[in-house]
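Descriptive structure summary
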Amino acid sequence: MNQLEQWLYSITGIFLTPVLLVLILMFVYALFMLGQFLMEYVQRRTRPERTGPLERVARHHGRIDQEQLELALLKQTEWPRLINRIAPMLGLIATMIPMGPALMAVAAGNTLSMADNLVVAFSAVIIALLAASVSYWILSVRKRWLLEELHQLLSQQEAASVPLKEAA
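Here is what the cut-offs are and how they apply
Residues numbered from 1 in each chain as written. Predicted model: local features only at pLDDT ≥ 70, side-chain atom pairs only at ≥ 80, totals over all residues. Heavy atoms only, no water. Helix = DSSP H or I, 4+ residues; strand = E, 2+ residues; numbered from the N terminus. Rg over C-alpha atoms; globule rule 2.2 N^0.38 Å. Buried < 20%, exposed > 50% of the residue type's maximum accessible area, 1.4 Å probe, protein only. Contact = heavy atoms within 4.5 Å. Areas by Shrake-Rupley, 256 points an atom, 1.4 Å probe, with all protein chains shown as cover. Lys, Arg positive; Asp, Glu negative; His and termini not counted. Charge placed at Lys NZ, Arg CZ, Asp CG, Glu CD. Core = buried A, V, L, I, M, F, W, Y, C linked by side-chain atoms within 4.5 Å. Salt bridge = Lys/Arg side-chain N within 4 Å of Asp/Glu carboxyl O. Phe/Tyr/Trp six-rings, centres within 6.5 Å; stacked < 30°, edge-to-face > 60°. Axes fitted to C-alpha atoms, helices over the stretch in contact; angles between N-to-C directions. Parallel < 35°, antiparallel > 145°, perpendicular 65-115°, else oblique. Left-handed = near helix turned anticlockwise from the far one by under 90°.

Below, the discussion takes up the overall build of the chain. Helices and strands together make up the secondary structure of the chain, namely six helices and zero strands. Going from the N terminus to the C terminus, the chain shows its helices and strands as α-α-α-α-α-α. Taken over the C-alpha trace, the chain has a radius of gyration of 24 Å; the compact-globule value for 168 residues is 15 Å, which it surpasses by more than 25%. On the principal axes, the C-alpha backbone points of the chain span a range of 95 × 35 × 20 Å. The 168 residues of the chain split such that 29% are buried. The long-range fraction of contacts in the chain, counting pairs at least 24 apart against all pairs at least 6 apart in sequence, stands at 80%. Carbon and sulfur atoms form 66% of the exposed surface of the chain, whose accessible area is close to 11,500 Å². Each charge class in the chain was averaged separately, 14 positive and 13 negative side chains, and the resulting centres sit 5 Å apart.

What follows covers the nonpolar core. Counting 18 residues, the largest nonpolar core has L23, I83 and A87 as the members making the most contacts within it. Elements with a contribution of two residues or more to this core: α2 (16-46), α5 (78-108) and α6 (111-161). No other element matches α6, which puts eight residues into this core. Leaving out residues up to four positions away in the same chain, L23 has contacts with A87, L90, G91, A94, A124, I127 and A128. One finds L54, I64, A72 and L73 within the second-largest nonpolar core, a separate group that totals nine residues.

What follows covers the pattern of salt bridges. On inspection of all chains with the given rule, the structure shows three salt bridges. Between E40 and R44 there is a salt bridge; the shortest N-O distance is 3.4 Å. Taken together, the residues E40 and R44, both in helix α2 and four residues apart, mark about one turn of the helix. A relative accessible area of 11% means that E40 is categorised as buried. Across the pair R142 and E40 runs a salt bridge, and its minimum N-O distance is 3.0 Å. Taken together, the positions of R142 in helix α6 and E40 in helix α2 put the pair 102 residues apart, joining distant regions of the chain. Like E40, R142 is buried.

Here we take up the environment of D116. With respect to the helices, strands and loops of the structure, D116 is situated in helix α6. Relative accessible area serves as the criterion here: at 47%, D116 is assigned to the partly exposed category. In this structure the C-alpha to C-alpha distance between D116 and P98, which are 18 residues apart in sequence, comes to 9.0 Å.

A few words on the packing of aromatic side chains. Applying the stated criterion to the full structure yields four aromatic pairs. Here the aromatic rings of Y29 and F32 are separated by 5.8 Å at their centres, their planes lie at 35°, and the arrangement is tilted. Remark: F32 and Y29 occur in helix α2; sequence separation between them is three residues, near one turn of the helix. Between the aromatic rings of Y29 and W79, the centroid separation amounts to 6.0 Å while the plane-to-plane angle is 65°, which identifies the pairing as edge-to-face. On the criterion of sequence distance, the pair formed by Y29 in helix α2 and W79 in helix α5 is long-range, its members being 50 residues apart. Through pairs of rings, three or more aromatic residues link up here, namely Y29, F32 and W79.

Remark: α2 packs on α6, axes separated minimally by 9 Å, with the N-to-C direction vectors making an angle of 30°. In terms of orientation, α2 and α6 fall into the roughly parallel class. Considering how the two elements wind past one another, α2 and α6 form a crossing that is left-handed.

Honestly, it's all geometry; don't read function into it.
Okay, here's the thing in structure tokens:
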């Protein structure tokens, strides 16, 4: 390897541990979000009259317009959306970094080192895909719930602002 290739290899090796730590944090947070989601599902089934997050925002701010409600909706879905998009990228990074040493171990005939590197590579991508899958599922269902709530709130506001025709 020339000097530039050695330098690039050294830089990528530095990022393996931080990427693996972020993936572990994303996976743990995805499991935490799954617990929250399941609790919300149970509450929606057992107590349908319960107020949702957008309704709480509307009550807190008094009269609120559609843009503010949509911003609150985006805020509610921000973390699942980030994990859904970033985890697969980090999984690919965490897969590719150990592949270099694994290929070098194959060339040297060191199958134990190759196997160790491949275990890290494949474990990282599996954790990343699990985190992304869980967050995607949560994001899809929660977005539907929030859009239903947004529609209901806007309908209520519209009905409250339109004066009723007086009976003749």
